[in-house]
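# Remarks on the overall topology
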Amino acid sequence: MSDRGLSEEQRMMRQSCRDFVDDTVIPFIRSNWRGEWSMEPEGRLPPRILEAADRIGIRTLGVPEEFGGVELDPASEVQTFAIISEEIARGDSGLSDKLVQNWKVSVLLRNLLPRPLQEQWFPRLVADPQFLLAHCLTEPRGASDRWLPYNVPEAAMATRAEKKGGEWVINGRKQFISNGYDASLYVVYASTNPKVGMLQGTSSFLVPRNTPGLTVARCNETLGCRYMNNGELVFEDMRVPADHLLVEGDALSKAAVYFRPGKIIQASKNLGVGVRAFEMTADYVQNYVQGGRILLKHQAVALRIADMATRIEAVRALLARAAAAVDERADDADALCNMVKVYASEEIMKVAQHAVELHGGNGMMLDFGIEKLFRDAAIFLHMDATVDVSKFKIVKSLFPHTAGAYAGPEG
Ligand SMILES: Cc1cc2nc3c(=O)[nH]c(=O)nc-3n(C[C@H](O)[C@H](O)[C@H](O)COP(=O)(O)OP(=O)(O)OC[C@H]3O[C@@H](n4cnc5c(N)ncnc54)[C@H](O)[C@@H]3O)c2cc1C
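Below you will find a few notes about this structure. (Residues numbered from 1 in each chain as written. Predicted model: local features only at pLDDT ≥ 70, side-chain atom pairs only at ≥ 80, totals over all residues. Heavy atoms only, no water.)

### Digging into the overall build of the protein
Rules: Helix numbering and strand numbering both begin at the N terminus, where a helix is a DSSP run of H or I of at least 4 residues and a strand a DSSP run of E of at least 2. Each radius of gyration is computed over the set of C-alpha atoms, and the globule rule expresses the reference value as 2.2 Å times the number of residues to the power 0.38. Accessible area is worked out with a 1.4 Å probe on protein chains only. A residue is then buried under 20% of its type maximum, exposed over 50%, and partly exposed in between. Here the open area of atoms and residues is found with the Shrake-Rupley method and a 1.4 Å probe, where only the protein chains shown may cover a residue. Charged residues are defined narrowly, with Lys and Arg counted positive, Asp and Glu counted negative, and His plus the chain ends left uncounted. Charge positions come from single atoms, namely NZ of Lys, CZ of Arg, CG of Asp or CD of Glu.
For the protein, the count of helices and strands is 14 helices and ten strands. Relative to a compact globule of 411 residues, whose C-alpha radius of gyration would be 22 Å, the protein shows 21 Å and is just as compact. When its C-alpha atoms are laid out on the principal axes, the protein stretches across 80 × 50 × 40 Å. A burial count over the protein gives 56% of its 411 residues as buried. A total of about 17400 Å² of accessible surface is found on the protein, and carbon and sulfur atoms cover 53% of it. Each charge sign in the protein was given a centre, from 47 positive and 53 negative side chains, and these centres are 3 Å apart.

Printed below as a string of structure tokens:
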């Protein structure tokens, strides 16, 4: 992999991450393949892994330096997020999921959280290596439509927040939330005005885990990315103080500081899965012998390897362009973010398919480890919006006046 265009700081961060992945993460994954299937989420990832991530400073990226976090150069922050998250996902994409939620939500909180609450929460996040953050939008009857979004009252979130006295009272539920099962602090979105479109009527709140009325209902057992504990939350007359309101009304628009880096990070984690699939397959085809020759000498195998490498490079190129657009706050950043997120998900799925096919029967064996990458790749098609909805979003960004509304009165 070339160092083209990386700063000295980015090269150093990538190297320490690579050492962490090669020395700690990959050996853990290889020797604990049974542990991935434990149905007890608490012990699935031993605490020592997050402790090691913490020691090299990659758990608190995005947290302001004054609170002990690791602040990156703002001119290239998102590009650096991409480099680091790819590298971690090369070791394990579930671990990468766990960590990147901390970065993305920290960026959101440093923009929106009142100062006294930043003083309260950021130091706790920094002090505890197991402290995780989560971002809760998706509900049983609403996710993809939120991403378009249908800006009509009928599409509003079913989770409702009402102001009573000096508090907000929240009722509803959220599903499929990354880190939802074990986070210490949540950002929760709820409708505060059901009479208007969701872009005007949705608010966001800070919700500590021990808030009365909050129940972590279950951990979802997922196909891939299994070291991130995806969870379901129920809110029953959950009360949060007035100052825990982050944004009133236009919370979805204000969350662009979360969504744009978020799409880049999705694509870069996805790329990391593809890179690992390529590394393992390149090694296999240069050592495994069939028909008297190593696999790579067979032309059909060579073609597939070329296809894998080309798809990975194409994703990497679009990712670099999209990440730079987000750092530059360019007009086309929104379209590019969605393009790279969806493009990576489809291309890396094909890379992973080649990987398992080139491993033959070994490709289907749990202890061999290549099938894990196929499962991990499949998750990206659905995370942070589905493929089809992402494509709608691209068209909406390109043609805001003609393709901008999908529901409500003819426009
Ligand atoms: C591993 C994982 C982690 C996740 N983490 C989070 C998280 O941290 N926070 C969070 O809030 N959410 C999270 N999600 C939820 C994720 O964003 C949603 O699963 C995703 O947006 C799809 O929504 P859905 O599951 O409700 O599917 P649906 O919206 O029910 O989609 C089902 C199908 O219908 C199609 N569809 C839906 N609406 C339309 C439409 N209007 N037009 C055309 N086709 C449509 C979709 O493309 C899809 O094919 C996570 C999901 C996964 C799998």
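### Re the nonpolar core
Let me state the cut-off plainly: Only buried Ala, Val, Leu, Ile, Met, Phe, Trp, Tyr and Cys residues count toward a nonpolar core, and they belong to the same one when joined by side-chain atoms within 4.5 Å. By definition, residues are in contact when any of their heavy atoms lie within 4.5 Å.
Counting residues in each nonpolar core, the largest one holds 44 residues, and the members touching the most others are I264, L271, V340 and I348. Of all the secondary-structure elements, those providing two or more residues to this core are α4 (77–91), α10 (256–285), α11 (299–327), α12 (333–358) and α13 (370–379). By residue number, the principal contributor to this core is α12, which donates twelve residues. Contacts of I264, omitting those with residues within four sequence positions, involve V78, A82, L319, A322, A323, V326, C337 and V340. Of all hydrophobic cores here, the second largest spans 29 residues; its members include L109, A155, L185 and V187.

### What to know about α4
Stated precisely, the cut-off is as follows: To estimate how far a helix should extend, the number of its residues minus one is multiplied by 1.5 Å.
An ideal rise of 1.5 Å per residue puts 21 Å on 15 residues; α4 measures up with 22 Å between its terminal C-alpha atoms. For α4, the tally of buried residues reaches 14 of 15 residues, placing the bulk of the element in the interior.

### Comments concerning the site of the ligand
Cut-off, in case you're wondering: Only a single heavy atom is needed: when it lies within 4 Å of a molecule or strand, its residue is near that molecule or strand. What qualifies as a polar contact is a pair of N or O atoms within 3.5 Å, subject to a donor-acceptor requirement within protein and to the restriction that residues adjacent in sequence count only when both atoms come from side chains.
In the vicinity of the ligand, 22 residues are found, and the nearest of them are H135, T138, Y150, S178 and T386. T138 places a side-chain nitrogen or oxygen 2.6 Å from a nitrogen atom of the ligand. Between the ligand and the protein, one listed contact pairs an oxygen atom with a side-chain N or O atom of T386 at 2.6 Å. Here the shell around the ligand takes three residues from helix α14 (residues 387–398), the largest share from any one element.

### Topic: the packing of α4 against α10
Under the convention used in this document: What counts as an axis is a line fitted to C-alpha atoms, over the stretch in contact for a helix, and the angles between N-to-C directions run from 0 to 180 degrees. Should the near helix be turned anticlockwise from the far one by less than a right angle, the crossing is left-handed, and should it be turned clockwise, the crossing is right-handed. Under the scheme applied, nonpolar residues are Ala, Val, Leu, Ile, Met, Phe, Trp, Tyr, Cys and Pro; charged residues are Asp, Glu, Lys and Arg; polar residues are all the others, including Gly.
It is at 7 Å that the axes of α4 and α10 come closest, and there the two elements cross at 35 degrees. For the pair α4 and α10, the crossing hand works out as right-handed. Along the contact surface, α4 presents V78, F81, A82, S85, E86, A89 and R90, while α10 presents P261, I264, I265, S268, K269, L271, G272, V273, V275, R276 and E279. Here the residues of the contact of α4 with α10 sort into ten nonpolar, three polar and five charged.

### Observations regarding α14
What counts is decided by this rule: Note that the arc is computed from the directions linking the helix axis to the C-beta atoms.
Here α14 contains twelve residues, and its C-alpha end-to-end distance of 17 Å stays within 8% of the 16 Å for a straight helix at 1.5 Å per residue. Every buried residue of α14 is listed here: V387, V389, S390, K393 and I394. For α14, the arc enclosing every buried residue in end-on projection is 165 degrees, short of the 170-degree limit, so these residues lie on one face.

### Some thoughts on the packing of aromatic side chains
Rule in force here: Ring pairs shown here join Phe, Tyr and Trp side chains whose ring centres sit within 6.5 Å, with only the six-membered ring taken for Trp; geometry is labelled stacked below 30 degrees between planes, edge-to-face above 60, and tilted in between. Placement of a positive charge over a ring is assigned whenever Lys NZ or Arg CZ falls within 6 Å of the ring centre and within 35 degrees of the normal to the ring plane.
Within this structure, the stated rule accounts for eight aromatic pairs. Each member of the aromatic cluster is reached from another via a ring pair, and the members are Y284, Y288 and F368. The side chain of R124 reaches across the aromatic face of W121, ending 4.4 Å from its centre.

### As for the pattern of salt bridges
Note the following rule: Basic side-chain nitrogens of Lys or Arg form a salt bridge, by our definition, when they fall within 4 Å of a carboxyl oxygen of Asp or Glu.
Within this structure, the stated rule accounts for 28 salt bridges. A salt bridge links R115 to E66; its shortest N-O distance comes to 2.9 Å. Here R115, found in helix α6 (residues 115–127), pairs with E66, found in the loop between α3 (47–55) and α4; they are 49 residues apart in sequence, far enough to count as distant. Ionic pairing is found between K350 and E347, a salt bridge with its closest N-O pair at 3.5 Å.

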